Amino acid sequence: MIHDKKYDSIVIGAGHAGTEAALSIARTGYQVLFLTMNLDSICQMSCNPAIGGLAKGHVVREMDALGGEMALAIDHTALQFRMLNKSKGPAVWAPRAQADKKNYQRYMKQVVESERNIDLKQDQAVELLVKDGKAIGVRTMMGIEYYGETIVVTTGTFMRGLIHVGDVNYPGGRGGDPPSLGLSDSLKAHGFEVVRFKTGTPCRLRKNSIDFSVCEEQPGDVDPEPFSFRTKQLNLDQLSCWLTYTNEKTHEIVRKNLHRSPLYAGRIEGIGPRYCPSVEDKVVKFADKPRHQIYLEPEGRNTEEFYVNGLSTSLPQDVQIEMVHSIPGLEHAELMRFGYAIEYDCMPPTQLKHSLETKKIENLFFAGQVNCTSGYEEAGAQGLMAGLNVIRKLKRQDPFVLDRSEAYIGVLIDDLVTRGTNEPYRLFTSRAEFRLLLRQDNADERLMKYGFAFGLIQNETYQNLLERKKTEENIVLKLRETKFESNSFEKLLRRTDVTFNSLLNNGLDLCEIDENIYRKVEWDIKYEGYIKRQLADVAKFKKLEKRKIPDFLDYSAIRGLSREAKEKFSKVKPVSLGQASRIPGMSSCDISVLLVYIEKLARVSPQ
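These numbers come from a predicted model, not from an experiment.

What to know about the pairing of strand 8 (residues 134-140)
When strand 7 (residues 125-131) meets strand 8, the two strands line up antiparallel, connected through 6 bridges. Looking across to strand 8, one finds that Lys131 is bridged to Lys134. In the sheet, strand 8 pairs with strand 9 (residues 145-153) via 3 bridges, with the strands oriented antiparallel. Within strand 9, the residue paired with Val138 across the bridge is Tyr146. Hairpin connection, strand 8 to strand 9: the antiparallel pair is bridged by 4 residues, and Gly143 has positive phi, about 85°.

What to know about the sheet that holds strand 17 (residues 305-309)
The strand order across the open sheet formed by 6 strands is 14-15-16-17-13-18, and the pairing between neighbours is antiparallel. Across the chains shown, the open sheet's two edge strands, defined by having one partner strand only, are strand 14 (216-218) and strand 18 (335-337). When strand polarity is set aside, the average angle formed by the axes of neighbouring strands in this sheet is 35°. Sheet topology note: the strand 15 (residues 241-245)/strand 16 (residues 293-298) ladder contains 4 bridges and is antiparallel.

Describing the environment of Arg547
Secondary-structure assignment places Arg547 in the loop between helix 16 (528-546) and helix 17 (563-572). Put simply, Arg547 and Asn505 are 42 residues apart on the chain and 52 Å apart in space, counted from C-alpha to C-alpha. What Arg547 contacts, discounting residues up to four positions off in sequence, is Val575, Ser576, Leu577, Leu595 and Glu599.

Observations concerning the environment of Cys203
Among the structural elements, Cys203 can be located in the loop between strand 12 (195-201) and strand 13 (204-206). Given a relative accessible area of 1%, Cys203 falls into the buried group.

Structural notes on unusual backbone geometry
Note: most residues except glycine have negative phi, and most peptide bonds are trans. In this structure, Cys43 is a non-glycine residue whose phi angle is positive, near 55°. Examined against the element boundaries, Cys43 turns out to sit in the loop between strand 2 (32-36) and strand 3 (50-52). Judged by relative accessible area, Cys43 falls into the buried class, the value being 1%.

Notes on the pattern of salt bridges
Enumeration over the complete set of coordinates arrives at 49 salt bridges. The salt bridge involving Lys520 is made with Asp524; its shortest N-O contact spans 3.0 Å. Within this pair, Lys520 and its partner Asp524 are both found in helix 15 (residues 515-526), separated by 4 residues, close to a single helical turn. For Lys520, a relative accessible area of 5% translates into the label buried. For Asp524, a relative accessible area of 28% puts it in the partly exposed group.

Some points on empty space enclosed by the protein
Scanning the entire structure with this criterion turns up 2 cavities of 30 Å³ or more. When its volume is computed, the largest cavity comes out at roughly 50 Å³. What lines the largest cavity is simply Lys198, Thr199, Gly200, Pro273, Cys276, Pro277, Ser278, Asp281 and Ser312. Among the residues making up the lining of the largest cavity, the classes are represented as 3 nonpolar, 4 polar and 2 charged. Counted as a void, the second largest cavity has a volume near 30 Å³. For the lining of the second largest cavity, the per-class residue count stands at 6 nonpolar, 2 polar and no charged.

Observations concerning the environment of Tyr340
Topologically, Tyr340 is positioned in strand 19 (residues 340-346). Counting along the chain gives 141 residues from Tyr340 to Thr199, while the straight-line C-alpha distance between them is 8.7 Å. Here Tyr340 is in contact with Ile163, His164, Val165, Arg174, Gly175, Thr199, Gly200, Thr201, Thr313 and Ser314, once residues within four sequence places are set aside.

Focus on the packing of aromatic side chains
Think of a pair of aromatic rings as described by two things: how far the centres are apart, and how the planes are tilted against each other in angle. Under the criterion given, the structure shown has 11 aromatic pairs. Over the ring of Phe229 we find Arg61; its NZ or CZ atom is 4.4 Å from the centre of that ring. The ring centre of Tyr245 lies 3.6 Å from the NZ or CZ of Arg291, which sits over that ring.

Here's the deal with the nonpolar core
Counting 99 residues, the largest nonpolar core has Leu364 and Ile409 as its most contacted members. Residues within four places of Leu364 in sequence aside, it is in contact with Leu128, Ala135, Ile151, Val153, Leu187, Phe192, Leu356, Glu357 and Thr358. The next biggest cluster of nonpolar side chains, apart from the first, holds 24 residues, and it includes Leu258, Val279, Ile294 and Leu330.

Quick word on the packing of helix 6 (residues 248-256) against helix 8 (residues 317-325)
Contact geometry for helix 6 and helix 8: axes closest at 8 Å, N-to-C directions at 165°. Considering the angle they form, helix 6 stands roughly antiparallel to helix 8. Of the two possible hands of crossing, helix 6 and helix 8 adopt the one that is right-handed. Residue-level contacts link Thr250, Ile253, Val254 and Lys256 of helix 6 to Val319, Glu322 and Met323 of helix 8. Here the contact of helix 6 with helix 8 is built from residues that sort into 4 nonpolar, 1 polar and 2 charged.

Some remarks on helix 6
Along helix 6, the positions that sit buried rather than exposed are Thr250, His251, Ile253 and Val254. The buried residues of helix 6 occupy an angular sector of 155° when the element is viewed end-on, so they sit on one face. Those residues of helix 6 hidden inside the fold are in contact with helix 7 (279-285) and helix 8.

Describing helix 19 (residues 588-604)
Between its first and last C-alpha, helix 19 extends 24 Å over 17 residues, near the 24 Å set by a 1.5 Å rise per residue. Regarding helix 19, the residues found buried are Asp590, Ile591, Val593, Leu594 and Ile598. All buried residues of helix 19 lie within an arc of 160° about the axis, which places them on one face of the element. Of the exposed residues in helix 19, those oriented more than 90 degrees away from the buried face are Ser588, Val596, Lys600 and Arg603. On its buried side, helix 19 packs onto helix 17 and helix 18 (577-581).

Quick notes on the rules
Residues numbered from 1 in each chain as written. Predicted model: local features only at pLDDT ≥ 70, side-chain atom pairs only at ≥ 80, totals over all residues. Heavy atoms only, no water. Pairing = 2+ DSSP bridges. Helix = DSSP H or I, 4+ residues; strand = E, 2+ residues; numbered from the N terminus. Axes fitted to C-alpha atoms, helices over the stretch in contact; angles between N-to-C directions. Contact = heavy atoms within 4.5 Å. Buried < 20%, exposed > 50% of the residue type's maximum accessible area, 1.4 Å probe, protein only. Salt bridge = Lys/Arg side-chain N within 4 Å of Asp/Glu carboxyl O. 1 Å grid on protein atoms, 1.4 Å probe; cavity = no way out; pocket = protein on both sides within 12 Å on 5 of 7 lines; lining within 4 Å. Points joined across faces, edges and corners; volume = space filled by probe spheres on them. Nonpolar A, V, L, I, M, F, W, Y, C, P; charged D, E, K, R; others polar. Phe/Tyr/Trp six-rings, centres within 6.5 Å; stacked < 30°, edge-to-face > 60°. Lys NZ or Arg CZ within 6 Å of the ring centre and 35° of its normal. Core = buried A, V, L, I, M, F, W, Y, C linked by side-chain atoms within 4.5 Å. Parallel < 35°, antiparallel > 145°, perpendicular 65-115°, else oblique. Left-handed = near helix turned anticlockwise from the far one by under 90°. Arc of directions from axis to C-beta. Expected span 1.5 Å × (residues − 1).

Purely geometric numbers; function is a separate question.
Following this line, the structure appears as structure tokens:
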């Protein structure tokens, strides 16, 4: 059967990446076919019930500035808000919110179903249709052929997913869902490299079986801040999380049962996440640590389930029970769901352009965990960027690419397509060279102009941003004009022992303004010297990025390049000298040879 409607885009997979991609494309007026194996699992939180955290919180606010939905969703469905790292510098402050996972899922399902340009279908894509080097459609498990101008693949952990609990394994895309079969083989047949990764999740406990009296309470912030720049006010009764710890007894239980772990018994071939290790990995690799933190997190207001953050495992069920009961507060805990590991097929992201379009097949985009990443936030950001580039593609415009100096999203995508990854990729603030410029509080000032240009940010929201920037400028001017004992208030504010509030208490006369504006102005003034230095570094970075490399270059013909450089340049196909310099293993000598060659080429062929 051939479906009679041709779509502008077909989005495969309704997780966090697929949802952001489908919404962005549809909201700009294009017709989208949105395929999912289960309509009741749209944007399901397969693992931890939370949004944000270190670097991830920055990404969610950047998505919001671009017109994404994730920040609005968590603001509407959160159980608790916390700003992390407030004892440190502003560059690493990071918002995080505990989610009511079912409400989050229902919210996103309603948003998707309410979008008139999305045709939502429960079916499974099993084959990619290609003609003359271009993706033209998909064939589904139901035997239907759908055709579209562009295809976005966001299959998460579902392609050939295999779940492990002890010595038991069975096919699954996540707990309770079947795997996606067929599409992975189809992509291989079209010449794509496919690798095997693994991730895991901990058990879930019944709330009334936990002794919270011996745990440390982790309440939300007294004055919580919303994720979205579009959220006017938060109205919620916050729920607490709780902290406990593993101990030597826990570690001994793990050690004596390592032979029963599928990871250590060699039954898992996939590569696991370094920065979200299983409890087995923690005990083995950090043998000197007497204990590890365990966060007990509510999964919703209307459920007894608690997520055991820090206890990801694929040990057998009897071992999981014994291990949990060795932890203070969990001596009588009832396990409602057991932890498991899952391995799945994913696509090395060096096969992509910065637009997330594949190099091998035109009009085909990959986004999310299929690109060897981990985390809802990284997935959602890729989905949104893939969607924005589909829009550009449909309009016959140049790709939309954020560079490393503009956004954490730019760092994320450049790391993936330039450096690749041999393990599930996770974003950190330390990965960003210009992180003082990429604060979570200024994401709107950095990126909302793009969201507005795409038509995903309303005029009222954008005008509010412009008015706030004008207010900040007026405050700075007032600080320069107001003096105290021959020093301007601006100079006084540069001192570490002076805060904005102390100036207000000593004669600074300002109208009542949002505290966030005061704080941002204070940070901009206190860190002005560092910011200027980073801006100078950005100028050097931009200079290298502007040195474009012709896409027709035959690296094997360039004399003086090392064999390694020829192989890596040919594989990655860097678009600029800056990107070439970030490819792992590139020597300064190879970069110099390449620079001389492209300059010579430009003199011979100035066109």
